[in-house]
Amino acid sequence: MFWQGVVNGFSAGWIYVLVALGLTLVFGIMRTVQFAHGEVYMLGAHAVFFACVVLGINIIGAFGIAVVALFILGMLMERLLFRRFRGQIEPSIIVAIGLILLFQTTAVVTFGADEKHIPRFIQGVLVIGGLHIAWDRVLSVIVGAGIMLALYAFIKGTKMGQAMIATSQDMDAATLQGVNVNRVSSVSMGIGSALAAVAGGIMGSIFTVEPFMGSFAITKGLAVIILGGLGSIGGAVIGGLILGLVDGVVSLYSSSTMASIVGFALIVLILIVKPSGLMGGD
Amino acid sequence: MDSGRSRRIGKGALLLLVCLLPIAMRGNDYFLHVYIVCAINIILASSLRAMATTGQMSIGQAGFMAIGAYTSAILAAKCGIPVYLSMLGGGCAATVLAALIGFPLSRIRTIYFVMVTMFLGEIIRLVVFEASSLTGGSTGLMGIPRPEAFSFFGLLQIDFSNKLHFCYLVLLLLLIILLVLYNIHRSHAGTAFAAIGQEESLSSSVGINVARSKVLIFSVACFFTGLAGSLYAHYMTVLNPDAFGTFTSLYILIYVVVGGRSFFGPIAGAILLTLIPEFFAALKEYQPYVFVLVLFLIVFLLPGGLVDLPRRIRESVRKAPLEEAR
Amino acid sequence: MVKKRLFSPMLVSAMGALMLIGSVISSAAADTVKIGSIWGLSGPGSQLGVVCKDAAAAAAEWINGKGGITVGAKKYTIQLVVEDNKNTAAGSLNAATKLVDKDKVKFITGMNVPFQFEAVQTVTEPNKVVLSTGKCSNLIPKNRFTFSATNGFTVPMPGLYEFMAKNYPAVKSVAYSAHDEPGAQVVAKVGRDIATKMGFKVLDTVVTQFGTKEYYPAWTKLLKDNPDAVDIGISFPDSLAANVRQGREQGFKGPILSCGTGDSNVFITLIGKDYANDFIYAGFDMNAPDNPAMVKEIMKLWEAKYKKPFNLDALDGWSSVWALAQAIEKAQSLDVEKVVSTWETMKTIETPWGTGTMGGQKVFGINHMVLCPAPISMLRDGKVQATHWHKPDM
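Note that the structure is predicted; figures quoted are calculated from it, not measured. Note that residues are indexed from 1 along each chain, following the sequence as it is written. Chains and ligands are labelled sequentially in the order written, the chains with letters from A and the ligands with numbers from 1. Given that this is a predicted model, residues contribute local features only at a pLDDT of at least 70 and side-chain atom pairs are listed and counted only at 80 or more, while totals for whole chains, interfaces and linings are drawn from all residues. Hydrogens are left out, water is left out, and the side-chain values use all remaining heavy atoms of the structure.

Caption draft 1: A look at the overall build of chain C. Each helix and strand in chain C was counted, giving 14 helices and 16 strands. Note on method: radius of gyration uses C-alpha positions; expected globular size equals 2.2 Å times residues raised to 0.38. Its C-alpha atoms give chain C a radius of gyration of 24 Å, within 12% of the compact-globule value 21 Å for 394 residues. In terms of overall dimensions, chain C has a C-alpha envelope of 90 × 50 × 40 Å along the principal axes. Looking at chain C as a whole, 61% of its 394 residues are labelled buried. Any two residues having at least one pair of non-hydrogen atoms within 4.5 Å are treated as being in contact. Within chain C, residue pairs in contact and separated by at least 24 positions form 64% of the contacts whose partners lie at least 6 positions apart. For chain C, the computed accessible surface area is about 15600 Å², with 60% contributed by carbon and sulfur atoms. Runs of H or I in DSSP of at least four residues are treated as helices and runs of E of at least two as strands, each being numbered from the N terminus. Residue burial is assigned from relative accessible area. The probe radius is 1.4 Å, only protein chains are included, and a residue is buried under 20% of its type maximum, exposed over 50%, and partly exposed in between. All accessible-area figures derive from a Shrake-Rupley calculation using a 1.4 Å probe, and residue coverage is judged against the displayed protein chains alone.

Caption draft 2: Fine view of the interface of chain B and chain C. The partner chain C presents 21 residues to the 16 residues of chain B that form the contact. Computed with a 1.4 Å rolling probe, the buried area is the accessible surface lost when two parts are put together, summed over both parts. Buried surface at the junction of chain B and chain C, both sides included, amounts to about 1700 Å², of which 62% is carbon and sulfur. Salt-bridge detection follows one rule: a side-chain nitrogen of Lys or Arg within 4 Å of a carboxyl oxygen of Asp or Glu. Put simply, chain B and chain C have one salt bridge between them. No other element matches helix α2 (residues 29-52) of chain B, which puts three residues into the side of chain B that touches chain C. The classification used treats Ala, Val, Leu, Ile, Met, Phe, Trp, Tyr, Cys and Pro as nonpolar, Asp, Glu, Lys and Arg as charged, and all other residues, Gly among them, as polar. Its residues assigned to classes, the side of chain B that touches chain C shows seven nonpolar, five polar and four charged.

Caption draft 3: How the structure looks around the interface of chain B and chain A. Of the residues lining the interface, 39 residues belong to chain B; the matching set on chain A comes to 43 residues. For the chain B and chain A pair, buried surface summed over both sides reaches about 3700 Å², with 83% attributable to carbon and sulfur atoms. It is B:Tyr112, B:Phe119 and B:Phe300 in chain B that bury the most area against chain A; as a group they hold 19% of the surface buried on that side. Applying the counting rule to chain B against chain A returns one salt bridge. With its nearest N and O atoms 2.5 Å apart, the salt bridge here joins A:Glu90 to B:Arg261. Here a polar contact is taken to be a pair of N or O atoms separated by no more than 3.5 Å, where protein atoms must pair a possible hydrogen donor with a possible acceptor and residues adjacent in sequence count only if both atoms sit in side chains. Where chain B packs against chain A, one counts five residue pairs in polar contact (both at pLDDT 80 or more).

Caption draft 4: Focus on the sheet that holds strand β8 (residues 201-208) of chain C. All names here are of chain C. Whether two strands pair depends on DSSP finding at least two bridges between them. The strand order β8-β7-β9-β10-β11-β15-β16 describes an open sheet built from seven strands, whose pairing is mixed. Each end of this open sheet is capped by a strand with a single partner; those strands are β8 and β16 (383-390). Each strand axis lies, on average, 20° off the axis of its neighbour in the sheet, ignoring direction. Lines fitted to C-alpha atoms define the axes here, with helix axes fitted over just the stretch in contact, and angles between the N-to-C directions of these axes take values from 0 to 180 degrees.

Caption draft 5: A look at a positive patch on the surface. Residues and elements named next belong to chain B. Patch definition: residues with relative accessible area over 30% and no salt bridge; like charges joined within 9 Å; nonpolar side chains (Val, Leu, Ile, Met, Phe, Trp, Tyr) joined within 5 Å. In this tally, Asp and Glu contribute negative charge and Lys and Arg positive charge; neither His nor the terminal groups of the chain are included. Lysine's charge is taken at NZ, arginine's at CZ, aspartate's at CG and glutamate's at CD. Where like charges cluster on the molecular surface, the positive patch consists of Arg 5, Arg 7, Arg 8, Lys 11, Arg 314 and Arg 318. Contributing elements (two or more residues each) for the positive patch: α1 (3-24) and α14 (309-325). Ranked by the residues each element gives to the positive patch, the list is headed by α1, at four residues. Structurally, the position occupied by Arg 7 is in helix α1.

Caption draft 6: Geometry of helix α6 (residues 159-169) of chain A. All names here are of chain A. Of the residues making up α6, those classed as buried are Gly 161, Ala 163, Met 164 and Thr 167. Taken end-on, α6 shows its buried residues confined to a sector of 160°, consistent with a single buried face. Along α6, the residues that are exposed and aim more than 90 degrees away from the buried face are Lys 159 and Gln 169. Packing partners of the buried residues in α6 comprise α1 (2-29), α5 (135-157), α7 (171-176) and α8 (181-206). This arc corresponds to the set of directions leading from the helix axis out to the C-beta atoms.

Caption draft 7: Up close: the domain arrangement of chain C. All names here are of chain C. According to the domain assignment, chain C contains domain 1 (29-152 + 293-372) and domain 2 (157-288 + 376-390). Distance from the C-alpha centre of domain 1 to the C-alpha centre of domain 2: 29 Å. The partner domain 2 presents 14 residues to the 13 residues of domain 1 that form the contact. Counting the surface domain 1 buries against domain 2, the share from its top three residues, Leu 312, Asp 313 and Trp 353, is 38%. Connecting domain 1 to domain 2 are zero salt bridges. Run the count over domain 1 and domain 2 and you get one residue pair in polar contact (both at pLDDT 80 or more). Contributing elements (two or more residues each) for the side of domain 1 that touches domain 2: α3 (46-65), α5 (114-124) and α11 (293-306). Ranked by residue count, the leading element in the side of domain 1 that touches domain 2 is α11, at three residues. Grouping the constituent residues of the side of domain 1 that touches domain 2 by class yields nine nonpolar, one polar and three charged. Where each domain starts and ends follows an automatic or database-derived domain assignment.

Caption draft 8: The arrangement of the pairing of β8(C) in detail. Residues and elements named next belong to chain C. Relative to β8, strand β7 (residues 173-179) runs parallel, the two being bridged by six bridges. Residue pairing for β8: Tyr 176 is matched across the bridge by Thr 205. In this fold, the crossover linking β7 to β8 by way of helix α7 (residues 182-197) has right-handed handedness. Orient the strands so they point away from the viewer, and a crossover whose first-strand-to-second-strand path over the helix runs clockwise is right-handed.

Caption draft 9: Geometry of a nonpolar patch on the surface. All names here are of chain B. A grouping of Tyr 84, Phe 150, Phe 152, Phe 153, Leu 155 and Leu 156 is seen on the molecular surface, where their side chains present a nonpolar patch of about 700 Å² in accessible area. Tracing the backbone through its elements, the reader meets Leu 155 in the loop between β1 (150-152) and β2 (156-158). With relative accessibility at 79%, the residue Leu 155 sits in the exposed group.

Caption draft 10: A look at α5(A). Each residue after the first adds 1.5 Å to the expected span of a helix. Taking 1.5 Å per residue, 23 residues should reach 33 Å; α5(A) reaches 32 Å between its end C-alpha atoms and fits that length. All buried positions along α5(A) are accounted for by A:Asp136, A:Arg137, A:Val138, A:Ser140, A:Val141, A:Gly144, A:Ile147, A:Met148, A:Leu151 and A:Ile155.

Caption draft 11: Molecular detail of the confidence of the model for chain B. Per-residue pLDDT for chain B has a mean of 87; in total, 97% of the residues score no lower than 70. For every residue, the predictor reports its confidence as pLDDT, a number between 0 and 100. Ranking the elements of chain B by mean pLDDT puts α14(B) last, at 74, and helix α3 (residues 61-79) of chain B first, at 94.

Caption draft 12: A look at the nonpolar core. In plain words, nonpolar cores are sets of buried Ala, Val, Leu, Ile, Met, Phe, Trp, Tyr and Cys residues tied together by side-chain atoms within 4.5 Å. Core analysis: the biggest nonpolar cluster contains 216 residues, and A:Phe35, A:Leu99, A:Leu222, B:Leu105, B:Phe119, B:Leu239 and B:Phe244 have the highest contact counts within it. Ranked by residue count, the leading element in this core is α1(A), at 14 residues. Residue contacts for A:Leu222: discarding those within four places in its chain leaves A:Leu23, A:Phe27, A:Phe35, A:Ala217, B:Met115, B:Met118 and B:Phe119. Ranked by size, the runner-up nonpolar core spans 52 residues in total, among them C:Val71, C:Ile78, C:Val130 and C:Met286.

Caption draft 13: Examining the pattern of salt bridges more closely. All names here are of chain B. Applying the stated criterion across every chain, the model contains 22 salt bridges over all chains. When the shortest N-O distance is used, the salt bridge between Arg 311 and Asp 308 registers 3.0 Å. Asp 308 is the salt-bridge partner of Arg 312, the closest N and O atoms lying 3.9 Å from each other. Overall, the relative accessible area of 32% leaves Arg 312 in the partly exposed class. Bridged by salt links that share partners, the residues Asp 308, Arg 311, Arg 312 and Glu 315 form one connected network.

Caption draft 14: Summary view of the confidence of the model for chain C. Residue and element names in this part refer to chain C. Of the residues in chain C, 92% have a pLDDT of 70 or more, and the chain-wide mean is 86. This model gives residues 1-8 a pLDDT under 50, and the stretch forms two contacts once residues within four places in sequence are excluded. With pLDDT under 50 throughout, residues 22-29 is counted as low confidence; its partners more than four residues away or in other chains account for zero contacts. On the interface metric, ipTM, the complex scores 0.87, and its pTM is 0.82.

Caption draft 15: Fine view of the environment of C:Ile280. All names here are of chain C. Within the element layout of this structure, Ile 280 appears in strand β11 (residues 279-281). For the pair formed by Ile 280 and Asp 228, sequence separation is 52 residues and the distance between their alpha carbons is 14 Å. Those residues in contact with Ile 280 that lie beyond four places of it in its chain are Leu 160, Phe 163, Met 164, Tyr 168, Pro 255, Ile 256, Leu 257, Ser 258, Ile 376, Ser 377 and Met 378.

Caption draft 16: Just the packing of aromatic side chains, in detail. Put simply, two rings from Phe, Tyr or Trp (the six-membered ring, in Trp's case) pair if the centres are within 6.5 Å, and we call them stacked under 30 degrees between planes, edge-to-face over 60, tilted for the rest. This structure, assessed with the given rule, holds 29 aromatic pairs over all chains. The interplanar angle of 85° and the centroid separation of 5.7 Å between the aromatic rings of B:Phe64 and B:Phe218 together place this pair among those described as edge-to-face. Here B:Phe64 is found in helix α3, whereas its partner B:Phe218 is found in helix α10 (residues 210-236), with 154 residues between them in sequence. Per residue, the accessibility class of B:Phe64 equals that of B:Phe218, and both read buried. Ring centres of B:Tyr70 and B:Phe244 lie 6.1 Å apart, and the angle between their planes is 65°; this geometry places the pair in the edge-to-face category. Of this pair, B:Tyr70 sits in helix α3 while B:Phe244 sits in the loop between α10 and α11 (246-259), placing them 174 residues apart in sequence. The residues B:Tyr70 and B:Phe244 share a single accessibility class, namely buried. Its end group placed over the ring of B:Phe166, B:Arg146 keeps NZ or CZ at 5.0 Å from the ring centre. Positioned above the aromatic ring of C:Trp62 is the side chain of C:Lys66, whose terminal nitrogen or guanidinium carbon lies 3.9 Å from the ring centre. Any Lys NZ or Arg CZ that is within 6 Å of a ring centre and within 35 degrees of that ring's normal is treated as a charge sitting over the ring.

In structure tokens, the structure reads:
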């Protein structure tokens, strides 16, 4: 039983990593208090659902549409709303809360509050040595790992990625170096939102799509990136896996509520002792 | 009559009006219900504002509200303790947690502090969920008693199952709490808190014990938040953990930011934002859009909050004659 | 001069005539009975609330179309006052307070989640307002004005176990999975009692978190005892579906029972065709040709009015209004005490699933549950294999 718990936790952990992907960029690196990230993830899931189930486009195309749509939404959010309050925590929180209500209500009146389902890519279960793991969860691990690597390569290897790092470290210095800070901010929120869409779509196929699925994403996402350290992609992976394993194993011997409590208590402890997280260097 | 005096008479008249309103509307139980909810929200918002003066902006106050609510409810319903005492017990329980966690938290910088409070609030809510034999878990606690009835010198019968009487209990507590907070705000300690909020390292260098001040105001704020929770519990007679999630904490923050950071800001914010859902209830599922509109209007056009409105109006009125002169 | 024209005598008399006609029309509709309708229209789990609210509105419209509720010489039109309780206890209390204090209703319909109508009862019982719930599984004699318009969750359970015993004779042991919500725990207890009485070995009950869709840890715990069958109890349809699917993913091959209601096709889609096997539950296929006549009529009305696919859970909403209307008409009075005493003695009452009767005296001590024929279906190979109608006796 214990090892099945470990396997459960490992796959749950990668789901958390997937969900924290976009947030790592927006909140971790660019330090925008984007509390509405969970709702962006939710809209992404609905976009995939709409394109795939309602419009009948094949699943890959549906993801493509959702990614593009949410990239644009992310850029618009930054340009119209968050840019004005860059660096100011409280107004950003208000803007984010406004967006949360806006997106949730729009999802409810447009799509209905009922749970919807995105068709699963793969059916079936992988069985290794008596341990079971569903193939669609294996897929989420693969996709999560792939995107993490791509994000890492992007940050370290491209000019835009480096510009994001520079902006997050010292905005004035970056501007002096010729970085267009406004464009960098827009693009990063765009990419972050697009990643949220991917996570939403995958989660929507493993579980369900409904207007209130975002609160899970933002809570777990924040927990992951704080545990791992703001700004660290590797940290997000480690943070997600730790939280996942805690959930998978503790819930076997106690309850899943207890597992969440332990997980969050761990986060609080980290924030008190080393706020920069496991891999963050502040 | 000088303008200061006439303004004070005006404020007094307004206060009197607010206090007499429940009696005037005594047949209308729905009005009284909204009045009570509004008063509780004002307590929550004002308490948050008080601790936010030191830079400790929390989005976990619903957790402390839950501690107050459940402690008081359990003490009264399951241990048979008189409600007046159990409500105090609720406030004290919240304060104890605040004092315990306050010192480690006082060292944490702004954005991390916000995050910690969010997770703290979540942990408290999950603990309520988990301890279901005590708290009723996800389905909640029922049968919470109203405060015991008593008679005032044999003449006036006070029975708190009557909404009007409960209304005045809440109003009384609200006024007392606001008086205490106002005195803190105007006191030497209040100035120290504001100084910490502005520039923490500088305050420390002029001799203000930053950690102790922060913990002090945090504990006081949480006492009132816990008390508000107890009031809520004994009013509703039914408790449910979803009422105490992060969203509720965010709403309390909205009351403060929309109202403005001055002393009276949270009062204005709480009143406006409690009334909006009631006025626009006819819109059903579209009602949140009104809320969103108000939020965006405030944050973009009136960043100082509602209390800034009179000043803005005065300034734009003063500008007008200049433009005409051109 | 245009302004003068606005007050021309012709316009004034036309407006006067309109107002006269309007007042005649509204006075003709003066005989209305205001009935509250509380459902969770926002917040998590609201998909059921929205369809139930829509079905309640459709029921009111259908009844009004047939002349309304006849009481003596008058015909009363039902005017539903809809409130959203946001799926919370506080919201339910607010909604009930508004309906009773502001709208002065004497009848409220709605809700099938215990903590919600329990909050409402703190207002309706002291104020002597009839509460016709969509589904109330724990009636208490103290709550004299509360009724359950449909079978409680536990009603079909003996039928579930009998069906399983007949079709899966090799089953010897049953394990249980239940939410930490009291209603779900009651369901699990009833299940254990039935299993014990029928001679099954009762294994452990695993507690899951209300509202979760992650059942892997629960199944990992359940499977270590190697049960022959698992009773997953009551939850929202998509949670039940996730539960079944994840159990199959973890390798469980035995029958899975649930007293959850809902449409077979929805379950098959959510569970997935290859995993929708050996699932026995208290619902049926809404497209089956031999369904009860009233179900078919309701579906037709629904599709004409709302132009969206029907959802079987909506029948709770329909019943909450229809059962109450029948009780009022049988009592021939709008007086609350008369309606209550009539309703609890009705020998026959029409339900979407066929003719039912008032019951509950034996189990709850109060005859306030509308007992209807209870469908029990089994899914196998991604299809509904059989539907059996269980006649409850309570």
